[in-house]
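# Analysis of the macromolecular model
Given next are the chains, with one letter for each unit.
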Amino acid sequence: MRTWQSLPRQDQPELLDLGAGTLADVRVNLSEMWRINHFLGGFRALTCHLYPRLSSTQGTITLADLGSGSADVPLAILDWARRHKIPLHLAAVDWAPRNLSIAREHTAHTREVELIQADAAHLPFAKGGIDFVISSLFLHHFSPVDVIDLLRMAYDRANKGIIMSDLVRGRLPLAAFQLVQPVFARHFLTRHDGTLSIRRAYTPGELRHLAEAAGLHHARIYTHWPWRMTLVADK
């Protein structure tokens, strides 16, 4: 049902995905996106579901982060795991060489994080070969048909489950992003792609339907302030 804050979904590639900007531009963009994700609720929307599951799992846990970018999410999770004495091995998966070159700088002295260049449509893991598959700010990059395929594949590869957080599309989050740009999004890539990301994102109802279409009938969609949502499907 459409309301006054509904926003039609727009689907077009973001500048970063099209290869725009220099490596220095990409470095700034990924840094700003991590600050937004970390300070404005996106990372918490993921970890509030992930951390309890990591705490209750025995032995060394394997985890794959899809669309990992500069690997800031795996590194932050690893920092938490070290403080809680939970052994982890993390795979930071991204298709873009530029992103992975920056991730390589961040993880140069970290043995627990493995960088993998791969297309999300062809994940290089065996069936049930990794404990948890996660993503943050990733699902909106895909068309509905591709999201269905991605969810199905990620769930197939996971031994324990998938946890995927993303933006919620709407006029209010779009307006809020315009307000925070002077502090969090000063670079042109962040401003352009951040705005487009909100327009490309799904609503909780749409994501629920996509999960159903992927065969994840038990998946749950949680909403988090401000304008984030997380899909959780345990095995």
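Below: a short report on this structure. (Residues numbered from 1 in each chain as written. Predicted model: local features only at pLDDT ≥ 70, side-chain atom pairs only at ≥ 80, totals over all residues. Heavy atoms only, no water.)

## Thoughts on the packing of helix H5 (residues 144–157) against helix H8 (residues 204–213)
As a reminder, the rule being used: Whenever a helix is involved, its axis is fitted only over the stretch in contact; in every case the axis is a line through C-alpha atoms, and angles between N-to-C directions fall within 0 to 180 degrees. Secondary structure elements are taken from DSSP: a helix is a run of H or I of four residues or more, a strand is a run of E of two residues or more, and numbering for both begins at the N terminus. Note on angle classes: values under 35 degrees are labelled roughly parallel, values over 145 roughly antiparallel, values of 65 to 115 roughly perpendicular, and the remainder oblique. Crossing handedness follows the turn of the near helix against the far one: under a right angle anticlockwise gives a left-handed crossing, and clockwise gives a right-handed one. Only heavy atoms matter for contacts: two residues are in contact if any of them lie within 4.5 Å across the pair. Residues are sorted three ways: Asp, Glu, Lys and Arg are charged, Ala, Val, Leu, Ile, Met, Phe, Trp, Tyr, Cys and Pro are nonpolar, and all the rest, Gly among them, are polar.
For the pair H5 and H8, the least separation of the axes is 8 Å and the interaxial angle reads 55°. For the element pair H5 / H8, the angle class is oblique. Every pair of crossing elements has a handedness; the one defined by H5 and H8 is right-handed. Note on element contacts: H8 touches H5 through Leu-210, Ala-211 and Ala-213, opposite Pro-144, Val-147, Ile-148, Leu-151 and Arg-152. Counted by class, the contact of H5 with H8 contains 7 nonpolar, no polar and 1 charged residues.

## Focus: the side chain of Ser-70
Going by this rule: Polar contacts, as used here, are pairs of N or O atoms within 3.5 Å; protein pairs need one atom able to donate a hydrogen and one able to accept it. Residues neighboring in sequence count only if both atoms are side-chain atoms.
Summarising the element assignment, Ser-70 is placed in the loop between strand E1 (61–66) and helix H3 (72–83). One polar contact links Ser-70 to Asp-72, side chain to side chain, over a distance of 2.5 Å. Leaving out residues up to four positions away in the same chain, Ser-70 has contacts with Leu-30, Asn-99, Ile-102, Ala-103 and His-106.

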